[in-house]
Amino acid sequence: MSAHIQEDNVLSHATEAARDVAAPRAPMSAAHPDATSKDLLERILASLDDDKAEDVIPIDLRGRSDMADFMVICSGRSTRQVSAIAEKLVDRLKRDAGVACKVEGKETGDWVLIDAGDVIVHVFRPEVREFYQLEKMWQTPSAQAQAAKI
């Protein structure tokens, strides 16, 4: 096979992969056709509360980002708790809402990113969360001022 044909094959696969990533998201579930991103956020917050996640901060991204409607940032006390919070959240969303999540970082347990479609969840160990300070980047100035008072 010539180098030109191999290159064409690689490029066509890369184009297909990019198209798959850019494709619109499927509805949350056929079982829950009326579910909204707000409903999904409530499910996520309830799961995080059940698993004793700490310093849970939901951030409204509607009108500010096309990646999701909401972001949730929270902490677990240890790598084990961070991984457990993430695993249970993913299981509950799949079981109860039919949402298949994409997960990054569960193996290390320092920072787990959960893409649930309309809601992105970050579960951190406290030290890692302090280092990256995502909430400062995404919160509105009024929410930052309010958080500073607490």
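Before any of the text, the structure's been laid out above.
Now for a description of the structure that goes with this document. This structure is a prediction, so every number in the text was calculated from the model and none was measured.

1. Side note on helix α3 (residues 79-97)
The first and last C-alpha atoms of α3 sit 26 Å apart over 19 residues, in line with the 27 Å expected at 1.5 Å per residue. Those residues of α3 that sit buried are Gln81, Val82, Ser83, Ile85, Ala86, Leu89, Val90, Leu93 and Ala97. In this structure, the buried residues of α3 make contact with α2 (37-50), β2 (70-75), β3 (102-104), β4 (111-115) and β5 (119-124).

2. Here we look at the pattern of salt bridges
Applying the stated criterion to the full structure yields 9 salt bridges. With its nearest N and O atoms 3.1 Å apart, the salt bridge here joins Arg77 to Glu54. Taken together, the residues span a long stretch of sequence, with Arg77 in the loop between β2 and α3 and Glu54 in strand β1 (residues 54-60) at a distance of 23 residues. With relative accessibility at 53%, the residue Arg77 sits in the exposed group. Asp96 is the partner of Arg95 in a salt bridge, and the nearest nitrogen-oxygen pair spans 2.8 Å. Given the relative accessible area of 60%, Arg95 is considered exposed. Each of Asp51, Lys88 and Arg92 takes part in a single network of salt bridges with overlapping partners.

3. Notes on α2
Under the 1.5 Å per step criterion, the end-to-end length of α2 is 20 Å for 14 residues, consistent within 8% with the ideal 20 Å. Within the span of α2, buried status applies to Ser37, Leu40, Leu41, Ile44, Ser47 and Leu48. Down the axis, α2 shows its buried residues gathered within 125° of arc, on one side only. Elements in contact with the buried residues of α2: β1, β2, α3 and β5. Following α2 by one or two positions, Lys52 has its phi on the positive side, about 65°.

Calculation criteria
Residues numbered from 1 in each chain as written. Predicted model: local features only at pLDDT ≥ 70, side-chain atom pairs only at ≥ 80, totals over all residues. Heavy atoms only, no water. Helix = DSSP H or I, 4+ residues; strand = E, 2+ residues; numbered from the N terminus. Expected span 1.5 Å × (residues − 1). Buried < 20%, exposed > 50% of the residue type's maximum accessible area, 1.4 Å probe, protein only. Contact = heavy atoms within 4.5 Å. Salt bridge = Lys/Arg side-chain N within 4 Å of Asp/Glu carboxyl O. Arc of directions from axis to C-beta.

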